[in-house]
Amino acid sequence: MHSMRLADLAEHLGAEVHGDGDIVITGVASMTSAGKGQITFLSNSRYQEQLLTCEASAVVLTEENLPFCSHLAALVVKNPYLSYARMAQLLDTTPSPAQDIAPSAVIAENARLGQNVSIGANAVIETGVELGDNVVIGAGCFIGKNTRIGAGTRLWANVTVYHEVMIGSQCLVQSGTVIGADGFGYANERGNWIKIPQLGTVRIGDNVEIGACTTIDRGALDDTVIGNGVIIDNQCQIAHNVIIGDNTAVAGGVIMAGSLKIGKYCQIGGASVINGHMEICDQAVVTGMGMVMRPITEPGIYSSGIPLQSNKEWRKTAALVLNIDQMSKRLKAVERKVDGK
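Small disclaimer: the values here were computed from a predicted structure and weren't measured.

Below, the discussion takes up the overall build of the protein chain. Looking only at helices and strands, one finds five helices and 38 strands in the protein chain. Expected size for 341 residues packed as a compact globule is a radius of gyration near 20 Å; at 26 Å, the protein chain overshoots this value by more than 25%. Taking the principal axes of the C-alpha coordinates as reference, the protein chain spans close to 85 × 65 × 35 Å. Classification of the 341 residues of the protein chain by burial places 40% in the buried group. In the protein chain, the proportion of contacts linking residues at least 24 apart, taken out of those at least 6 apart, comes to 19%. Taken as a whole, the protein chain presents about 19,200 Å² of accessible surface, with 52% of it coming from carbon and sulfur. For the protein chain, the distance from the average position of its 25 positive side-chain charges to the average position of its 32 negative side-chain charges is 15 Å.

See below:
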């Protein structure tokens, strides 16, 4: 288990110590469950009262909330939630997806492995693959021919990476994800579907994180491209030739159709569906279950759909929507009469 003196943790976070800096911190916990040796954080003043009964050894908070924790050591910062993320990284006890190279791993003779590479049991590394320094490939992964994976990237168990894919450095891919499968490309000949070979690939930048069971299809001719710093949640479908700009965040269950281009610093809410062959500008935010059928050209927050109602209210709303065309015609008829007078 990782542990650190409170004063040393403060130095890493750029925080101001109040109390005993020699306290040894062994982990991070919520205010309601934290105990001795653990540190917690207060990022919302609504939960100040929980500090009174908190049993943590220390708490991270802002200057304005400091008077509420006189019985605890404290680290004062400007952004407690951001500091929580950083100290959780410092005290992280998550095991590595693999250690060393398992005897059961199948590695092609001409695969090129950097220094300190780890490959788990039953993983398959095909011909022409290049793995950078400190790459970790979890158990049961498949890395297809001529794929390149940058330094420090980690793949959890049972990730499938098809041929010719390029993944940057310091990426993290969760279990069950498939990168580089065929895009959904077919021509129709008198009702019969004729498959179009998908000859492009997938290019993923640096510091990208991809959740479990997400699928990123290879391009038809050009490539599917995921920019630097992109974060993608679980069970997302990213179709062929999609381009996602740097530092965009995609929540769970999002479906993106082919040849969509999404700008930088966007946020796509969970379960959203986005049409293909169009563009979304930088810094656009789509709230959950958004149905994006047309391009977004201006930064801002966009929503669609009707928020949840009671069934009784929803039935009334649905009835009004079904009658909206008839109501519109009646309104126009009234307007014509008024204009005639």
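The structure having been displayed, the exposition proceeds.
All right, on to the UniProt feature "active site" (unreviewed entry) in the protein chain then. Within this numbering scheme, the UniProt entry marks His240 as carrying the feature "active site" (unreviewed entry). Counting through the fold element by element, His240 comes out in the loop between strand E28 (237-238) and strand E29 (243-244). When its relative accessible area of 15% is taken as the criterion, His240 is described as buried. Among residues more than four places away in sequence, those in contact with His240 are Gly183, Phe184, Gly185, Gln198, Asp217, Arg218, Gly219, Ala220, Thr224, Gly258 and Ser259.

Under the definition given, this model contains zero disulfides. We note that Cys213 lacks a disulfide partner, and the nearest cysteine sulfur, in Cys236, lies 11 Å from it. Exposure remark for Cys213: the relative accessible area of 44% places this residue in the partly exposed category.

A word on the pairing of strand E6 (residues 58-61). Both faces of the sheet carry side chains from a regular strand, because those side chains alternate between them. Side chains Ala58 and Val60 of E6 all project onto a buried face; the interleaved residues Val59 and Leu61 project onto the opposite face, where all are buried too. Relative to E6, strand E5 (residues 38-41) is paired through three bridges, and the arrangement is parallel. Bridging from a neighbouring strand, Thr40 pairs with Val59 of E6. In the sheet, E6 pairs with strand E7 (residues 73-76) via four bridges, with the strands oriented parallel. Considered in E7, the bridge of Val60 is made with Leu75.

Bringing the packing of aromatic side chains into the picture now. What the rule picks out here adds up to four aromatic pairs. Here the aromatic residues Phe41, Tyr81 and Tyr84 are joined through ring pairs into a cluster of three or more.

Pairing in this open sheet of 10 strands is parallel, and the strands run E8-E11-E14-E17-E20-E25-E28-E31-E34-E37 from one edge to the other. Either end of the sheet is taken by a strand with one partner, and the two such strands are strand E8 (106-107) and strand E37 (291-292). Pairing of strand E25 (residues 215-217) with E28, which is carried by two bridges, proceeds in the parallel orientation. Opposite Ile216, over in E28, you have Ile238 as the bridge partner.

A few words now on the environment of Glu313. On the secondary structure map, Glu313 appears in helix H4 (residues 311-322). Counting along the chain gives 161 residues from Glu313 to Gly152, while the straight-line C-alpha distance between them is 53 Å.

The next subject is the pattern of salt bridges. Inspection of the entire model under this criterion finds six salt bridges. Its salt-bridge partner being Asp8, residue Arg5 comes within 3.0 Å of it at the nearest N-O pair. Arg112 serves as the salt-bridge partner of Glu130, at 3.6 Å between the closest nitrogen and oxygen. Of the two residues, Glu130 is situated in strand E12 (residues 130-131) and Arg112 in strand E9 (residues 112-113); the sequence distance between them amounts to 18 residues. Its relative accessible area of 56% is what places Arg112 among the exposed residues. It is possible to trace a salt-bridge network through shared partners that takes in Arg5, Asp8 and Asp22.

What counts, and at which threshold
Residues numbered from 1 in each chain as written. Predicted model: local features only at pLDDT ≥ 70, side-chain atom pairs only at ≥ 80, totals over all residues. Heavy atoms only, no water. Helix = DSSP H or I, 4+ residues; strand = E, 2+ residues; numbered from the N terminus. Rg over C-alpha atoms; globule rule 2.2 N^0.38 Å. Buried < 20%, exposed > 50% of the residue type's maximum accessible area, 1.4 Å probe, protein only. Contact = heavy atoms within 4.5 Å. Areas by Shrake-Rupley, 256 points an atom, 1.4 Å probe, with all protein chains shown as cover. Lys, Arg positive; Asp, Glu negative; His and termini not counted. Charge placed at Lys NZ, Arg CZ, Asp CG, Glu CD. UniProt positions renumbered as here; feature names shortened; annotations may be inferred. Disulfide = S-S within 2.5 Å. Pairing = 2+ DSSP bridges. Phe/Tyr/Trp six-rings, centres within 6.5 Å; stacked < 30°, edge-to-face > 60°. Salt bridge = Lys/Arg side-chain N within 4 Å of Asp/Glu carboxyl O.

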